[in-house]
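# A structural walkthrough
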Amino acid sequence: MSLFDKLQPIAERLDAFSGGQVPFNTVIESILSPTEVLIGGRRTLMFGSNNYFGLSFHPDVLAAAQTALVREGAGTTGSRAANGSYAAHRQLEEAFASAYGKTHAMVFTTGYQANLGVIYGLCATGDTILLDLESHASIYDGARLSGAQIFAFHHNSPSDLARKLARIENRSNCLVIAEGLYSISGDVGPLGELSAVCREAGAYFMVDEAHSFGVYGERGLGYAEEQGVVDTVDFVVGTFSKALAGVGGYAVSNHDALRLLHFASRPYVFTASGSPANIAGVHKALDILLADRSLKTRLWENVRHVRRGLTSLGFTIGATESPIVPIEIGTAEQAITIWAALLEAGIYTNIVLPPACRPDACLLRTSYSAAHTPAQIDEALGIFERVGRALQVIETAA
Ligand SMILES: Cc1ncc(COP(=O)(O)O)c(C=O)c1O
C-alpha cells in the first residue's frame, strides 16, 4: 500500500460527479449580503452558513476592522507567545472573562485550535477524557493528540455518562466534554444534568458553545447560561466564526490552569495570532451582541417561521427548535440530487453524507440568521416546495 492509496476512494467518488456540482467544493463568487451570494453566476439565498446574526456586514464591525487594519497592519506575523500578543488580543480576553464572570480567558487563532489547545493543554497520558459521541472533530482531535484515555458516552445521555464515570478510579484527572448546540442535528446538550453528574463524580466539565454562543441564554453566553450552569462549568470554549462573524476561538475559566495554558498549550504557542482587523471586528461584534438583544428576537422569529413552513409542506425536520434545521432526506444519492437541485433553483444548503450520518439517513443541514428577511424565508419555502415535490421528497399536492 503506497502513501497515496488511501486517497483513492475520494478520487473515485469525485469521478462519479462527472461535470455536475460536487458537494463540499462549492465556490462562492461574490458575497452580496450576509444572506445572499453569487454561485455559478446566479443569485443564491444562503441557508448554509453560521452567520446567525448577520454581523459579517454590520457597519460598526466593518469600521472597527478597517481602523485596526490601517493602524496595526495586515497580520501580526507571530505567535501570542512571541511577538503576536497585541493590546487588542488582551482586551478581547478581558471582554470574554468579564462577560462570563470568570477570572481567566484565552483567545485562540481558530475555534478548532481553541478545542485542541484546551484539551491537549490540560490532558496527557494517564488522564481520562469522556466526550459526547457526537462531538465535533476538533474535540476528538484534541483528545487524541493529548494521549489521554478516551471514552465516548451516548449522545446527550447523563445516565450513560454517570455509568462510565463510575467505572473510573481517579476522577480528579478526568475531563468530560459536551457541546451547547450540536452543529448537525441541531439539538442542545442537557448541560444542567451533565454538570450535576460531573460534580457528583468529582470530574471536570468543559462545554463547547461554538454554535450556541449568542443564540441562548439571557445575555447570549450560550446554552450553559440558558441552563443556569455557567458558574459550575469548569471550562467554556467557543468560536468567533459563527455568531461573531470572524475567525478565532476563546476559552474562559476560573481555574488558574487556563492562565498557565498561555505558556503550555502548543496549539496556542506555535501558531500566529489572529490578525488585527479580525480581532477588532470580533470585539465589536461581541459588544453588539451583548448589547442588542433584538437580534436574538429576530433570529427566533425566523427559526419559528421556517420550521412552521417546512413542517406544513411535509418535510421531516430535526426535533429541536434551534437555528440549525436538518431536513431528513434518505440515501446519499437522493441527498446529492436534491442538494444540487436546490442550488440550481437558488438556495445554498449544507449536505450531510456518511460517515457523518447513517447511509440511509443523509440530511440537508439548513441554518438561519437574524439577517434573513421574512420574504427571503418565504422565497426559500417556495423553492423547497417546488424541488421537494419534483423529486418526491414530499408528497405532490392533490
Ligand atoms: C462544535 C464546534 N467546535 C469547534 C468548531 C471549530 O470552529 P472554527 O471553524 O471556528 O475553527 C466548530 C466548527 O464548526 C464546531 O462546530
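Each remark here, short or long, concerns the structure printed above.
First, a word on scope: everything that follows refers to the structure included in this document. Along each chain, residues carry numbers from 1 onward, in the same order as the chain's sequence is written. Owing to the predicted nature of the model, reporting of local features is limited to residues with pLDDT of at least 70; listing and counting of side-chain atom pairs is limited to 80 or more, with chain, interface and lining totals taken over all residues.

## Describing the overall build of the protein chain
What counts here: Comment: elements are numbered from the N terminus, with helices defined as DSSP H or I runs of at least four residues and strands as E runs of at least two. In this treatment the radius of gyration is a C-alpha quantity, and the globule benchmark scales as 2.2 Å times the residue count to the 0.38 power. Here a residue counts as buried when 20 or more other C-beta atoms sit within 10 Å of its C-beta, as exposed when there are 12 or fewer, and as partly exposed otherwise, the C-beta atoms being derived from the backbone. The contact criterion used here is simple: two residues whose C-beta atoms, placed from the backbone, lie within 7 Å are in contact.
Helices and strands together make up the secondary structure of the protein chain, namely 14 helices and 14 strands. Relative to a compact globule of 398 residues, whose C-alpha radius of gyration would be 21 Å, the protein chain shows 22 Å and is just as compact. Dimensions along the principal axes, computed over C-alpha positions, put the protein chain at roughly 65 × 55 × 50 Å. Buried positions account for 49% of the 398 residues belonging to the protein chain. At a minimum sequence separation of 6, the contacts of the protein chain that also span at least 24 residues come to 70%.

## Brief notes about the sheet that holds strand E7 (residues 174–179)
We apply this condition: Only when DSSP finds a minimum of two bridges between them are two strands counted as paired. Fitting a line to C-alpha atoms yields each axis, with helices limited to the stretch in contact; the angle taken between N-to-C directions then spans 0 to 180 degrees.
Spatially, the 7 strands line up as an open sheet ordered E4-E10-E9-E8-E7-E5-E6, and their pairing is mixed. Either end of the sheet is taken by a strand with one partner, and the two such strands are strand E4 (104–108) and strand E6 (149–153). On average, adjacent strands in this sheet sit at an angle of 20° to one another, irrespective of strand direction. Here 4 bridges tie strand E5 (residues 128–132) to E7, and the two strands are oriented parallel to one another. Bridge pairing in E7 places Leu 131 opposite Ile 177. Taken strand by strand, helix H3 (residues 87–100) contacts E4, strand E9 (235–239) and strand E10 (249–253), and its axis lies near 130° from that of E4. Here helix H4 (residues 111–122) sits on the sheet and contacts E4, E5, E7, strand E8 (204–208), E9 and E10; the angle it forms with E9, its principal contact strand, is near 155°.

## Describing the sheet that holds strand E2 (residues 36–39)
Strand order in the open sheet formed by 4 strands is E1-E2-E3-E12, with mixed pairing between adjacent strands. Each edge of the open sheet carries a strand with a single partner, namely strand E1 (30–33) and strand E12 (347–348). One ladder, built from 2 bridges, connects strand E3 (residues 42–46) with E12; its direction is parallel. Bridged to Met 46 within E12 is Tyr 348.

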